[in-house]
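# Survey of secondary and tertiary structure
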Amino acid sequence: MSILVTGARGAVARGLASLLGASGIAHRLGSREPDGPGTARCDLSDPATFPDALAGARSVFLYAEAAGIDAFVKEAATAGVEHVVLLSSSSVLAPDAADSPLAAAHLTVEEALLASPLRTTVLRPGAFASNALGWARSLKAGRPVRLPYPQAHTDPVHEADLAEAAFAVLTEPALAGRTYTLTGPESLSFAAQLSILAGILGRPVPYETVTPEQWRAEVDGRIPGPYADALLEYWAASDGIPTEPTDAVEQLTGHAARTFATWAEDHAAAFHTEQV
């Protein structure tokens, strides 16, 4: 095995594995809950699973999990791993990243890898376009999406672009050993994203503005309090303020980043109205 792809159930890992397979590149999937003979048990918070998962690997695509990162670095070096590609987050660029529930784990993993002897490439995506799937339940039931900051901007990036970027840095040595901030091609408010979804679905996609307190109460039990507070703070800071997209996806893949409209077309089935 030459490449270990962790987080095998994640959309980016699945896309990367498909690209590696299509190119005939030897790889192994790693997952906390392996669901097939070709998948190794690799729980990134359980160092006991590292030796078997890393056996024979020379490169690793790594999801950020801070709990076992020191042990992972040590075991990877012992196993002969030469290159790690980390799926981090652009949230680490915030001044308060070390204290933010959204960024702290990613920052911890980045620091551990960059201080290690392992050659490290860091991919820092902005907002995943797939975050919009969080609206699917409401839209399928015909209810408006409830938003505390409908004009908050993000730069949604398609998971397929992240998979292609990871494939590029894993297979082209000249691209490795750097840090890339990956975004979609445009800054869009949540309201604009819903408008694009409406156009793709061919029906109205309404939203309702709620107070931050109402939204926090509605997600209680699904999103831990500190994360909910961090999200509200992030959205408030980007309310009405466009982000600045990067060209890193095009730099790595050779094509412009996919638009949110493309993502919506690819995932339209997730938003179809439930039939009663």
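Right, let's walk through the structure included here. Since the model is a prediction, treat every value here as computed from it, not as a measurement.

### Description of the pattern of salt bridges
On inspection of all chains with the given rule, the structure shows 9 salt bridges. Across the salt bridge formed by R124 and E110, the nearest N and O atoms sit 2.7 Å from each other. Placement of R124 in strand β6 (residues 119-125) and of E110 in helix α4 (residues 104-114) is noted, with a sequence separation of 14 residues between them. Judged by relative accessible area, which is 15%, R124 ranks as buried. Measuring nitrogen to oxygen at the nearest pair gives 2.4 Å for the salt bridge that ties R258 to D161. Taken as a pair, R258 in the loop between α10 (248-253) and α11 (260-266) and D161 in helix α6 (residues 159-171) lie far apart in primary sequence, 97 residues in all.

### So, the packing of helix α3 (residues 69-79) against α4
Helices that pack against each other are described as a pair by the angle of their axes relative to one another and the distance between those axes. Contact geometry of α3 with α4 gives a least axis separation of 10 Å together with a crossing angle of 30°. One way to sum up the angle between α3 and α4 is to call them roughly parallel. α3 and α4 meet at a crossing whose hand is right-handed. Residues I69, D70 and V73 of α3 pack against T108, V109, A112 and L113 of α4.

### Topic: the environment of E186
Counting through the fold element by element, E186 comes out in the loop between β9 (179-182) and β10 (188-189). Residues E186 and V169, spaced 17 residues apart in sequence, show a C-alpha to C-alpha distance of 23 Å. When residues no more than four places from it in sequence are discounted, the contact partners of E186 are T154, D155, P156, P245, T259 and F260.

### A short note on the packing of aromatic side chains
If you walk through the whole model with that rule in mind, you get 7 aromatic pairs. Geometrically, the ring pair formed by F190 and W235 is edge-to-face, given 5.7 Å between the ring centres and 90° between the ring planes. With a gap of 45 residues between them, F190 in helix α7 (residues 190-201) and W235 in helix α9 (residues 225-237) connect regions that are remote in the sequence. Across the pair, exposure class does not vary: F190 and W235 are buried alike. Relative to F271, the ring of W263 lies with its centre 6.1 Å away and its plane at 70°, an arrangement referred to as edge-to-face. You can call F271 buried: its relative accessible area is 0%. An aromatic cluster is defined as three or more aromatic residues linked by ring pairs; in this entry it consists of W135, F190, W215 and W235.

Cut-off values and rules
Residues numbered from 1 in each chain as written. Predicted model: local features only at pLDDT ≥ 70, side-chain atom pairs only at ≥ 80, totals over all residues. Heavy atoms only, no water. Salt bridge = Lys/Arg side-chain N within 4 Å of Asp/Glu carboxyl O. Helix = DSSP H or I, 4+ residues; strand = E, 2+ residues; numbered from the N terminus. Buried < 20%, exposed > 50% of the residue type's maximum accessible area, 1.4 Å probe, protein only. Axes fitted to C-alpha atoms, helices over the stretch in contact; angles between N-to-C directions. Parallel < 35°, antiparallel > 145°, perpendicular 65-115°, else oblique. Left-handed = near helix turned anticlockwise from the far one by under 90°. Contact = heavy atoms within 4.5 Å. Phe/Tyr/Trp six-rings, centres within 6.5 Å; stacked < 30°, edge-to-face > 60°.

Geometry only, nothing functional implied.
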